[in-house]
Amino acid sequence: MTANSYLQLTLYFGVLFALVKPVGAYMARVYEDRPILLRRILWPVERMMYRAAGIRPDVEMDWRSYALAMLAFSMFGVLSVYLLQRVQGWLPLNPENLNAVAPHLAFNTAASFASNTNWQSYGGETTLSYLMQMLALTVQNFVSAATGMACLVAVVRGIARRSAQTIGNFWVDLVRSALYILLPLSLAGAVLLVSQGVVQTFQPYVKVQVLQPTTYEEPATDEKGQPVLDEKGQPKMRQAALKEQVLAVGPAASQIIIKQLGTNGGGFFNVNSAHPFENPTPLSNFLEMLAILLIPAALCYTFGVMVKDTRQGWAILAAMTLIFVPLLALSVGSEQAGNPAFAKADLDVAANELQSGGNMEGKEVRFGIVNSGLWATATTAASNGSVNSMHDSYTPLGGLAPMWLMQLGEVVYGGVGSGLYGMLVFAIVAVFVAGLMVGRTPEYLGKKIEAYEMKMAALVVLIPPMLVLVGTAAAVLSPSALASLQDKGAHGFSEILYAYSSMGNNNGSAFAGYNANIPFVNTTGGLAMLFSRFWLAVPMLAIAGSLARKKLVPPGAGTLPTHTPLFVVLLAGTVILVGALTFIPALALGPIVEHLQMLAMK
């Protein structure tokens, strides 16, 4: 790595960690209902929303009521997004006259955005109108992120409270997450992105003259538009000239900023943040990457404030970073090393010079390898899923790092809210393992961890791997899924494994060589996204309700401190061990064997 590469990484992490405390402290004030300036300004809006919906903000819920409210709201989101897509052709703000979305794709997209996954089996500029991008997708970007944050706050209250029957009010937590956190950050961020050239307009797509007109062949058609055949029955070809190009535009900036802040990740354009209208400059790239990890990292400090011990939040953040940095180094280092087959092959000097700066295939020159690798690992660590480079073009080990970050359960920073409550489950597992080693009942922050909590924790840990591995196995056996592969062999398997790792862990990124827009993948993937989101959220709320009812146990001589470097290593080791035992066999069939084949030039 060059000095410039180290400078870029130092700047990114320096700014990120400098913002953790102020942003985290602000969010704690929001959730603890302490005075903030925005509350004075927006309180009439908040109160109006409660009255319109018939909500009593002063009435708290037990964990079952909280879970039912969350599920009902989320399923309403799924149904709304599905129906809007099915009637798209009849709705306004559709300057390109795009038709209704196919049923299986509409279901997949609705499940994807309502579950905060934002997996996309379509190209945004060729499939969805401006109204769909705003009313269906952008709205879900806000409320699905706010739902994850609300569930996290309920879990934290369950840990912090003692002998309590309630864990908060879902509707209040949802509104405050969106109104006081996501919306202000998005407004400021959208303005910054527009200043860098990110498009924000309702004008129709723009036709422009190309700088260098070219000619090409296309099938000839008759007056009815039917192909003209020659005497052998083959289509006749004719010369055509390409003189103009259609440039897709639209209200992109307002969706892009919340897709990053809310760890949603769904792009306005097909190539996501590799598109110059989504991410035109190095500064816009830095701001978007910062937005990906900002809230997940800051919520660790929020957790520490709310449990009255900020050391706990810093310990969780340290464990996340301890896992993230080596995988970042693996991805960036592998891409900078390039493909050794170039050096071994009998190629001319010009071909070898293509690899002189590393593997630049699928990457934007304006960003380079370091910013591409950093984005790839950040977006998969944070369950964001947006991309500024094509992961399918990474070297085998360069692609393994983001794939495994998803397979760890999206707990390394993770999604807003969901990442931290997933890591708290691993913290419970870690203290349980430590308790077994010393022969005493495990405790976490003064609460005894007993059989009920461990059963719920087991569900949270085991459900995503089950969805990933079963989904991958089913796709490998499906003729239609196999026919959608661009590549065969180890890399083809990696494309399928990556797809179900992404959907089964609510990430949303993809290896581009897999055409997932078929009924089998859209249906199985949509179900995987829903199960992974809500089959985890409900057990987490059950844990919160159980812990809230317990009394506080004073720490004793045998209590394991959970803010020390020892616990940080134990927690990181637990996450890595579970991920390795679960996925190393599958990874050995994909990126690992592909790396060995690359070294052998096969």
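Conventions adopted
- Residues numbered from 1 in each chain as written.
- Predicted model: local features only at pLDDT ≥ 70, side-chain atom pairs only at ≥ 80, totals over all residues.
- Heavy atoms only, no water.
- Helix = DSSP H or I, 4+ residues; strand = E, 2+ residues; numbered from the N terminus.
- Rg over C-alpha atoms; globule rule 2.2 N^0.38 Å.
- Buried < 20%, exposed > 50% of the residue type's maximum accessible area, 1.4 Å probe, protein only.
- Axes fitted to C-alpha atoms, helices over the stretch in contact; angles between N-to-C directions.
- Parallel < 35°, antiparallel > 145°, perpendicular 65-115°, else oblique.
- Left-handed = near helix turned anticlockwise from the far one by under 90°.
- Contact = heavy atoms within 4.5 Å.
- Salt bridge = Lys/Arg side-chain N within 4 Å of Asp/Glu carboxyl O.
- Nonpolar A, V, L, I, M, F, W, Y, C, P; charged D, E, K, R; others polar.
- Patch = residues over 30% accessible without salt bridge, like charges linked within 9 Å, V, L, I, M, F, W, Y side chains within 5 Å.
- Areas by Shrake-Rupley, 256 points an atom, 1.4 Å probe, with all protein chains shown as cover.
- Phe/Tyr/Trp six-rings, centres within 6.5 Å; stacked < 30°, edge-to-face > 60°.
- Expected span 1.5 Å × (residues − 1).
- Bend = angle between axes of the 7 residues up to and from the residue.
- Pairing = 2+ DSSP bridges.
- Core = buried A, V, L, I, M, F, W, Y, C linked by side-chain atoms within 4.5 Å.

**Structural notes on the overall build of the protein**
Part 1: Within the protein, the secondary structure is distributed over 20 helices and four strands.
Part 2: For a compact globule of 602 residues, the expected C-alpha radius of gyration is about 25 Å, and the protein comes in at 25 Å, within 12% of that figure.
Part 3: Projected onto the principal axes, the alpha-carbon positions of the protein cover approximately 90 × 60 × 45 Å.
Part 4: Evaluated residue by residue, the protein yields a buried proportion of 56% over its 602 residues.

**Some points on the packing of helix H6 (residues 130-160) against helix H7 (residues 170-195)**
Part 1: Look at H6 against H7: their axes get within 8 Å of each other, and the N-to-C directions meet at 125 degrees. Judged by the inter-axis angle, H6 sits oblique to H7. Both H6 and H7 take part in a crossing whose hand is right-handed. Where H6 approaches H7, its residues Phe-142, Val-143, Ala-145, Ala-146, Thr-147, Met-149, Ala-150, Val-153 and Arg-157 are matched on the opposing element by Phe-170, Asp-173, Leu-174, Ser-177, Ala-178, Ile-181, Leu-182, Leu-183 and Ser-186.

**Section: the environment of Leu-193**
Part 1: In this fold, Leu-193 is placed in helix H7.
Part 2: Of the residues examined, Leu-193 reaches a relative accessible area of 1% and is grouped as buried.
Part 3: On a C-alpha basis, the gap between Leu-193 and Lys-488 in space is 40 Å, while along the polypeptide they are 295 residues apart.
Part 4: Those residues within four positions of Leu-193 in sequence are excluded, and the remaining contacts are Val-198, Ala-253, Ile-256, Ile-257, Ser-284 and Glu-288.

**Some details on the pattern of salt bridges**
Part 1: Within the structure shown, the criterion is met by 16 salt bridges.
Part 2: Here Arg-176 makes a salt bridge to Asp-33, at a shortest N to O gap of 3.6 Å. With a gap of 143 residues between them, Arg-176 in helix H7 and Asp-33 in the loop between helix H1 (3-31) and helix H2 (37-53) connect regions that are remote in the sequence.
Part 3: Residue Asp-33 is classed as partly exposed on the basis of its relative accessible area of 41%.
Part 4: Here Glu-46 and Arg-39 are joined by a salt bridge, their closest N and O atoms 3.1 Å apart.

**Quick word on the packing of H1 against helix H10 (residues 310-337)**
Part 1: Contact geometry for H1 and H10: axes closest at 14 Å, N-to-C directions at 160 degrees. In terms of axis orientation, H1 runs roughly antiparallel to H10. H10 is crossed by H1, and the crossing has right-handed handedness. Contact with H1, carried on its side by Ser-5, Leu-9, Phe-13, Phe-17, Val-20 and Lys-21, involves Trp-314, Leu-317, Thr-321, Phe-324, Leu-328 and Gln-336 of H10 and no other residues of that element.
Part 2: Here the contact of H1 with H10 is composed, by residue class, of eight nonpolar, three polar and one charged.

**Overview of the environment of Ala-110**
Part 1: Within the secondary structure, Ala-110 sits in helix H4 (residues 103-114).
Part 2: Considering only alpha carbons, one finds Ala-110 and Leu-83, 27 residues apart in sequence, at a separation of 9.0 Å.
Part 3: Once residues lying within four places of it in the same chain are set aside, the contact partners of Ala-110 are Val-78, Val-81, Tyr-82 and Gln-85.

**Focus: the environment of Glu-125**
Part 1: If you trace the backbone, Glu-125 turns up in helix H5 (residues 124-127).
Part 2: Look at Glu-125 and you get buried, because its relative accessible area is 16%.
Part 3: Note: C-alpha distance between Glu-125 and Ile-463 (338 residues apart in sequence) is 34 Å.

**Topic: a nonpolar patch on the surface**
Part 1: Residues Val-45, Met-48 and Met-49 make up a contiguous nonpolar surface patch of about 250 Å² in total accessible area.
Part 2: Position of Met-48 among the secondary structure elements: in helix H2.

**Some remarks on the packing of aromatic side chains**
Part 1: The full count for this structure, using the stated rule, is 15 aromatic pairs.
Part 2: Taken together, the ring pairs connect Tyr-12, Phe-13, Phe-17, Phe-286, Phe-324 and Tyr-413 into an aromatic cluster.

**A word on H1**
Part 1: Compared with the 42 Å implied by 1.5 Å per residue over 29 residues, the 42 Å span of H1 between its first and last C-alpha is a close match.
Part 2: The largest bend in H1 is about 35 degrees, located at Val-20, with the proline Pro-22 one to four residues further on.
Part 3: The set of residues buried in H1 consists of Ser-5, Leu-9, Tyr-12, Phe-13, Leu-16, Val-20, Val-23, Gly-24, Met-27, Ala-28, Val-30 and Tyr-31.
Part 4: Contacts from the buried residues of H1 go to H6, H7, helix H9 (282-306), H10 and helix H13 (368-381).
Part 5: The positive-phi residue at the C-terminal boundary of H1 is Asp-33, with phi of around 60 degrees.

**With respect to unusual backbone geometry**
Part 1: Positive phi outside glycine occurs at Asn-272, with the angle close to 60 degrees.
Part 2: Using a relative accessible area of 5% as the deciding quantity, one classes Asn-272 as buried.
Part 3: With a phi angle near 65 degrees, Lys-308 is a residue other than glycine that sits in the positive phi range.
Part 4: By the element assignment, Lys-308 lies in the loop between H9 and H10.
Part 5: The class for Lys-308 is exposed, based on a relative accessible area of 68%.

**What about helix H15 (residues 418-438)?**
Within an α-helix, residues lying three or four positions from one another point in the same direction, as the helix has 3.6 residues per turn.
Part 1: The first and last C-alpha atoms of H15 sit 31 Å apart over 21 residues, in line with the 30 Å expected at 1.5 Å per residue.
Part 2: Burial analysis of H15 places 16 of its 21 residues in the buried class, which makes it a mostly covered element.

**Here's the deal with the pairing of strand E1 (residues 206-219)**
Part 1: Counting buried residues in E1 gives zero out of 14 residues, a small share hidden from the surface.
Part 2: With 10 bridges joining them, E1 and strand E2 (residues 237-247) adopt antiparallel strand pairing. Bridge pairing links Thr-215 to Ala-241 in E2.

**Observations concerning the nonpolar core**
Part 1: Core analysis: the biggest nonpolar cluster contains 163 residues, and Tyr-12, Ile-316 and Tyr-444 have the highest contact counts within it.
Part 2: In terms of residues, this core owes the most to one element, H6, which gives 17 residues.
Part 3: Counting residues in each nonpolar core, the second largest holds 13 residues, with Ala-475, Leu-485, Tyr-500 and Val-521 among its members.

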